[in-house]
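Structural overview for review
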Amino acid sequence: MANRFFLGLVHYPVYNKHLETVATSVTNLDIHDIARCVTTYNLEKYYIIHPLPTQHKLVQEIIDYWQKGYGAQYNPDRKEALNSVELIDSIERARAKIQEQFSGPVYTVVTDARVYPRTIGYRALREIIERDEENNFFFLFGTGWGMIGEVMESADYVLEPIYGKGNYNHLSVRSAVAIILDRILGEKWWK
């Protein structure tokens, strides 16, 4: 049995630009684009993590349009990608669902634009993943200004930031998801 991979887009608890703990709004693009990445890299599930029922209702309306409404006929590829999406109210509940449904340990991998004492490189994590099988890796991506410190500290792995050639370091979460999934699960283009 091979390793399994899951992705969580965390809307709470995250920081705003003043480092206050907040809940951010779900964006339409994050729903679609991340679902397409999750499907492309064959992850098991894409959890949109938000505690507010109003945000769940909004997201469900968007998903229903593309899975049951006119959008399902207009764009069957998007319908397929959105099959991976599940709304859930907390990181803990998502992690518990993974543990209930799949055997093996669940390792949480967090991402941030900052470096932490336990930061690990992409190749190192890829080697860990390739060495063992029948594990579950839960990749968490924060919205806003990143996940709060407690989430970062409780993770099994903290991935190093994505560095470009310039000094600017504030990618959209959609871009970060695509880059990181490719680095961890994509083809080994450097060989």
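Right above here is the structure, for reference.
Read on for a plain summary of the structure. Note that the structure is a prediction, hence the values are computed from the model and not measured. (Residues numbered from 1 in each chain as written. Predicted model: local features only at pLDDT ≥ 70, side-chain atom pairs only at ≥ 80, totals over all residues. Heavy atoms only, no water.)

**Digging into the layout of surface pockets**
Heads up, the rule is: In this analysis the probe radius is 1.4 Å and the grid spacing 1 Å, with only protein atoms considered; a cavity is a set of points the probe fits into but cannot get out of, a pocket is an open set with protein on both sides within 12 Å along at least five of seven lines, and lining residues have an atom within 4 Å of a point. Grid points are joined across faces, edges and corners, and a volume is the space filled by probe spheres set on the points. Note on conventions: DSSP H or I runs of at least 4 residues are helices, E runs of at least 2 residues are strands, and numbering of each starts at the N terminus. Residues are grouped as follows: Ala, Val, Leu, Ile, Met, Phe, Trp, Tyr, Cys and Pro are nonpolar; Asp, Glu, Lys and Arg are charged; every other residue, Gly included, is polar.
Within this model, the largest pocket holds a volume of roughly 490 Å³. Taken together, 27 residues line the largest pocket, and the ones lying closest to its centre are Ala113, Gly142, Gly144, Leu171 and Ala176. Secondary structure elements with two or more residues in the lining of the largest pocket: β8 (136–142) and α8 (173–185). It is α8 that contributes the most residues to the lining of the largest pocket, three residues altogether. Taken together, the residues that form the lining of the largest pocket break down as 11 nonpolar, 12 polar and four charged. Lining of the second largest pocket is provided by Tyr122, Arg123, Arg126, Asp182, Arg183, Trp189 and Trp190. Looking at the lining of the second largest pocket, the elements with two or more residues in it are α6 (122–131) and α8. The leading source of residues in the lining of the second largest pocket is α6, at three residues. Considering only residue class, the lining of the second largest pocket consists of three nonpolar, no polar and four charged.

**Points about the packing of aromatic side chains**
The condition that has to hold: Note on aromatic contacts: the rings of Phe and Tyr and the six-membered ring of Trp form a pair at centre separations within 6.5 Å, being stacked when their planes are under 30 degrees apart, edge-to-face when over 60 apart, and tilted otherwise. Only protein chains enter the calculation, and the probe is 1.4 Å; a residue is then buried if its accessible area is under 20% of its type maximum, exposed if over 50%, and partly exposed in between. As a reminder, the over-ring test applies to NZ of lysine and CZ of arginine, requiring each to be within 6 Å of the ring centre and within 35 degrees of the ring normal.
Counted according to the given criterion, the structure contains eight aromatic pairs. Judged by centre distance (5.1 Å) and plane angle (90°), the ring pair of Tyr65 and Trp66 falls under edge-to-face. With a relative accessible area of 38%, Tyr65 lands in the partly exposed category. Three or more aromatic residues joined by ring pairs form one cluster here, namely Phe5, Tyr107, Phe137, Phe139 and Tyr157. One Lys or Arg, Arg78, reaches over the ring of Trp66 and ends 4.8 Å from the middle of that ring. The cationic tip of Arg183 hangs over the ring face of Tyr122; the distance from NZ or CZ to the ring centre is 4.7 Å.

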